[in-house]
Amino acid sequence: MTTYRLGPVDELPVGEGRAYAVGDEMVAVFRLRTGELRAVSAVCPHAGGPLADGLIDAKVVICPLHQHVFALETGHCQTTPHLALRTYPVREESGQMIMNVSPVSGSDSTTTS
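For clarity, every value in this text was computed on a predicted model and none was experimentally measured. (Residues numbered from 1 in each chain as written. Predicted model: local features only at pLDDT ≥ 70, side-chain atom pairs only at ≥ 80, totals over all residues. Heavy atoms only, no water.)

A. Fine view of the overall build of the chain. In terms of helices and strands, the chain carries zero helices and eleven strands. Scanning the chain from its N terminus toward the C terminus, one meets helices and strands in the order β-β-β-β-β-β-β-β-β-β-β. C-alpha atoms of the chain, sized along the principal axes, occupy 35 × 30 × 20 Å. Expressed as a percentage of the 113 residues in the chain, the buried residues total 42%. (Helix = DSSP H or I, 4+ residues; strand = E, 2+ residues; numbered from the N terminus. Buried < 20%, exposed > 50% of the residue type's maximum accessible area, 1.4 Å probe, protein only.)

As structure tokens, then:
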């Protein structure tokens, strides 16, 4: 399991998303109005839209290019069922956004991105 420190949670405004480099992937992290964090693949599988720039509510993100709607909890697309996003566990710890990602090479490490 690889742990990534994405930065201070206060730098992510409530109700918005930002894209972060996590290993070899780009991940969109959203800070919900409840203060909870959600993380999904940053690129829409339909046409490559930047999901961190999409509109969110408590449960979904809407791709800014073609309005595909994805559940933040599961990554399932509600408008085109064959599309899906990868979801990532993300949490706040001591004011920092922390993400654990399953290993590609099998070693443990901590990375700041």
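From this point on, the discussion continues.
B. Structural view of the environment of methionine 26. By secondary structure assignment, the location of methionine 26 is in strand β3 (residues 25-31). Each C-alpha atom, one on methionine 26 and one on valine 43, is 7.5 Å from the other, the two residues being 17 residues apart in sequence. Sequence-distant contacts of methionine 26, that is, excluding residues within four places in its chain, are made with Ala19, Tyr20, Ala21, Ser41 and Ala42. (Contact = heavy atoms within 4.5 Å.)

C. Expanded view of the pattern of salt bridges. Applying the stated criterion to the full structure yields four salt bridges. With a closest N to O distance of 3.2 Å, arginine 38 and glutamate 36 form a salt bridge. In this structure, glutamate 73 and arginine 38 form a salt bridge, with 3.2 Å as the shortest nitrogen-oxygen distance. Within this pair, whereas glutamate 73 is found in the loop between β7 (69-71) and β8 (87-88), its partner arginine 38 is found in strand β4 (residues 37-41), the two being separated by 35 residues in sequence. Owing to a relative accessible area of 55%, glutamate 73 belongs among the exposed residues under this scheme. Put simply, Glu36, Arg38 and Glu73 are held in one network by salt bridges that share partners. (Salt bridge = Lys/Arg side-chain N within 4 Å of Asp/Glu carboxyl O.)

D. Expanded view of the pairing of strand β9 (residues 90-93). The pairing of β9 with strand β10 (residues 96-101) spans four bridges and is antiparallel. Pairing of glutamate 93 across the sheet is with glutamine 96, part of β10. Adjacent in sequence and paired antiparallel, β9 and β10 are bridged by two residues, among which serine 94 carries a positive phi angle near 55°. (Pairing = 2+ DSSP bridges.)

E. Main features of the UniProt feature "domain: Rieske" (unreviewed entry) in the chain. The feature "domain: Rieske" (unreviewed entry), as given by UniProt, occupies residues 4-99 in the numbering adopted here. Strand forms 43% of residues 4-99 and helix 0%; the C-alpha atoms that close the span are 5 Å apart. (UniProt positions renumbered as here; feature names shortened; annotations may be inferred.)

F. Representation of unusual backbone geometry in the model. Of note, glutamine 67 is a non-glycine position whose phi angle comes to about 60°, a positive value. Looking at where glutamine 67 falls in the secondary structure, it is placed in the loop between β6 (60-62) and β7. Overall, the relative accessible area of 47% leaves glutamine 67 in the partly exposed class. In this model, serine 94 sits at a positive phi of 55°, which is unusual for a non-glycine residue. Here serine 94 lies in the loop between β9 and β10.

G. Structural view of the side chain of arginine 38. Overall, arginine 38 belongs to the buried group, its relative accessible area being 17%. Among the polar contacts listed, one links the side chain of arginine 38 to the side chain of glutamate 36, at a separation of 3.2 Å. (Polar contact = N/O pair within 3.5 Å; in protein donor to acceptor, adjacent residues only side chain to side chain.)

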